[in-house]
Amino acid sequence: MSTSRSTERTLIASNRRARHDYTILKTYEAGMVLAGTEVKSLRAGRVSLVDAFAQERDGEIMLHGLHIAEYGYGTWTNHAPRRTRKLLLRRVEIARILAQTREGGVTLVPLSMYFSGGWAKVELALARGRRSYDKRQVLAARDADREIARELGRRLKGRSGRG
């Protein structure tokens, strides 16, 4: 019998600030080149996406500023916490991403990290920065939608109790 890996996603970390600061245009799933102690730290959830961003270098996409804490039981083989990591994407995806980032105003931001089928993956987004008034408009629209949904729920509950 062959054993198959589970295909469910296990979330490690998410970058909630990115969804607030940027308008997400398109998302990609990318693998990462990691050291063994990095994977052990990821499984312990010791990662931060706060200052992370991706850039092109020599035709490849690299992830900068990602902090994976040193593994507690590691020896001299432990990794550097903020080293630059190579992202694994298909050539066609890399070409598409680079074409859009070169047009200006678009950046690559990691949204989340997770395990999928035992492999560490990062959800990468092509994003355009929001200005402060855009952020306020988005928050106001979200609050208005939430209030409408709340009022609609109240009215539906009120009707169902009378009948």
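Residues numbered from 1 in each chain as written. Predicted model: local features only at pLDDT ≥ 70, side-chain atom pairs only at ≥ 80, totals over all residues. Heavy atoms only, no water.

Summarise the packing of aromatic side chains; cite the residues concerned and give the values.
According to the stated counting rule, one finds 0 aromatic pairs in the structure shown. Taking the ring centre of Tyr-28 as reference, the NZ or CZ of Lys-26 above it sits at 5.4 Å. (Phe/Tyr/Trp six-rings, centres within 6.5 Å; stacked < 30°, edge-to-face > 60°. Lys NZ or Arg CZ within 6 Å of the ring centre and 35° of its normal.)

An account of the pairing of strand β2 (residues 22-32) is needed here, citing residue identities and associated values.
Inspection of the sheet shows β2 paired to strand β9 (residues 119-129) by 9 bridges, in the antiparallel sense. Each residue of the ladder has a partner; that of Tyr-28, found in β9, is Leu-124. In this structure, β2 lies alongside strand β7 (residues 85-88), joined through 2 bridges in antiparallel fashion. The residue of β7 that forms the bridge with Met-32 is Leu-87. (Pairing = 2+ DSSP bridges. Helix = DSSP H or I, 4+ residues; strand = E, 2+ residues; numbered from the N terminus.)

Kindly report on helix α3 (residues 91-102), identifying the contributing residues and their values.
The first and last C-alpha atoms of α3 sit 16 Å apart over 12 residues, in line with the 16 Å expected at 1.5 Å per residue. Every buried residue of α3 is accounted for by Ile-94, Ile-97 and Leu-98. Considered in projection along α3, the buried side chains sweep an arc of 100° and stay on one side of the axis. If you follow the buried residues of α3, they end up packed against β2, β4 (53-57), β5 (60-64), β8 (106-116) and β9. Residue Gly-104 follows α3 closely and has a positive phi angle near 100°. (Expected span 1.5 Å × (residues − 1). Buried < 20%, exposed > 50% of the residue type's maximum accessible area, 1.4 Å probe, protein only. Arc of directions from axis to C-beta. Contact = heavy atoms within 4.5 Å.)

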